[in-house]
Amino acid sequence: MNTLSLRSNNANTMWNFEQSRGVSEFAEKISEDLEDIRRDVKIQNVTFGASLNEALNELDELALDTSIDNWDGFGAKKINKDSYLDAKKFLNNLPVGLDMPEISVHPDGEVSFEWYRKKGYILTLSISSDDKIAYAFRFGLSKKHGKEYFGDDIPETILEKIKKLSS
C-alpha cells in the first residue's frame, strides 16, 4: 500500500504543506503534482492588480536597474544581494490571496515593500541583509515600528499587518 501524508506547516494557507517521502514511484508522482499545483496557484494568484509572477519579475528588473553603485545619480549603493534573495523568499512565502506589495530599492541597497489601503493605512518593510525585516505601519491613529527576524517564515506580526491591509 502506498501513502502520501500532507501536513500543513502554515495555518495561514492550505498551499504550504510539508510532504512525507513516499517510497514508491506513485507517491513521488503525487508529490510532484501537488508541488506543481501549489506553484501554479501562487503564480496565477492575481491580487491588487499584480500576481506573484509579476512581483517577482518586477523585483528582478529592479535588481538589474540597481546593480551598480550610484544607480540613482545621488550616490546610492547597489542592491544588496542578500536583501534581494530574502525579498524573493519573502514574496514566495506570502500566502495566496494577499495583496502583492509595491517594490523598491532604498539608496542603502535594501529592498523595500509597501502596502497601501487608503489614506492613513500603510505598511512599509525593509528587507536587510542580516535576516531582519524593519517595518513601520500606520492604521488610522495607530502607529508602530520595529524589527523582526526573518528565517524560513514571514513573522506573524508582519503577516497580520499585511492581512489587515489586504482585507
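The written sequence of each chain sets the order in which its residues are numbered from 1. This being a predicted model, a pLDDT of at least 70 is required before a residue's local features are given, and a value of 80 or more before pairs of side-chain atoms are given or counted; all residues contribute to the totals for chains, interfaces and linings. Each side-chain value is derived from all of the structure's non-hydrogen atoms; neither hydrogens nor water enter the calculation.

Draft legend 1. Inspection of the packing of aromatic side chains at higher detail. Pairing of aromatic side chains requires ring centres within 6.5 Å, counting the rings of Phe and Tyr and the six-membered ring of Trp. Pairs whose planes differ by under 30 degrees are stacked, by over 60 edge-to-face, and all others tilted. Summed over all chains, the structure comprises seven aromatic pairs. Ring plane angle 35° and centroid distance 5.3 Å describe the contact between F90 and F113, whose orientation is recorded as tilted. Residue F90 is found in helix α3 (residues 81–93), and its partner F113 is found in strand β6 (residues 111–118); the two are separated by 23 residues along the sequence. No difference in accessibility class separates F90 from F113, as the two residues are buried. For the pair F90 and W115, a centre-to-centre distance of 6.4 Å together with 55° between the ring planes defines the contact as tilted. A residue pair is termed long-range when its members are at least 10 positions apart, and F90 in helix α3 and W115 in strand β6 qualify at 25 residues. Grouping aromatic residues by their ring pairs yields a cluster made of F90, F113, W115 and F150. Whether a charge lies above a ring is judged from NZ of Lys or CZ of Arg, which has to be within 6 Å of the ring centre and within 35 degrees of the ring normal. Across the ring face of F150, the terminal group of K89 is positioned such that the distance to the ring centre comes to 4.7 Å. Each helix is a run of DSSP H or I of at least 4 residues and each strand a run of E of at least 2, with the numbering of both proceeding from the N terminus. Summary of the burial criterion: residues with accessible area below 20% of their type's maximum are buried, those above 50% are exposed, and those between are partly exposed, where the area comes from a 1.4 Å probe applied to protein chains only.

Draft legend 2. Looking closely at the pattern of salt bridges. Salt bridges are defined by distance alone: a side-chain nitrogen of Lys or Arg within 4 Å of a carboxyl oxygen of Asp or Glu. Overall, the coordinates contain two salt bridges when judged by the stated rule. Its salt-bridge partner being D60, residue K88 comes within 3.1 Å of it at the nearest N-O pair. Here the residue K88 occupies a position in helix α3, and D60 occupies one in helix α2 (residues 52–65), the gap between them amounting to 28 residues. Owing to a relative accessible area of 25%, K88 belongs among the partly exposed residues under this scheme. Exposure remark for D60: the relative accessible area of 27% places this residue in the partly exposed category.

Draft legend 3. Inspection of the pairing of β6 at higher detail. Inspection of the sheet shows strand β5 (residues 102–105) paired to β6 by four bridges, in the antiparallel sense. Pairing of E102 across the sheet is with E114, part of β6. Between any two strands, at least two bridges found by DSSP are needed for them to pair. Linking two consecutive strands that pair antiparallel, namely β5 and β6, is a turn of five residues; a positive phi of about 95° is found at G109 within it. Between β6 and strand β7 (residues 121–127), which follow one another and run antiparallel, lie two residues, and G120 among them has a positive phi close to 90°.

Draft legend 4. Main features of helix α4 (residues 156–166). By the burial criterion, the buried members of α4 are I158, L159, K161, I162, L165 and S166. For α4, the angular spread of the buried residues around the axis is 160°, confining them to a single face. The elements touched by buried residues of α4 are α3, β6, β7, β8 (132–139) and β9 (142–149). Along the arc lie the directions from the helix axis toward the C-beta atoms. Every residue pair with non-hydrogen atoms within 4.5 Å of one another is taken to be in contact.

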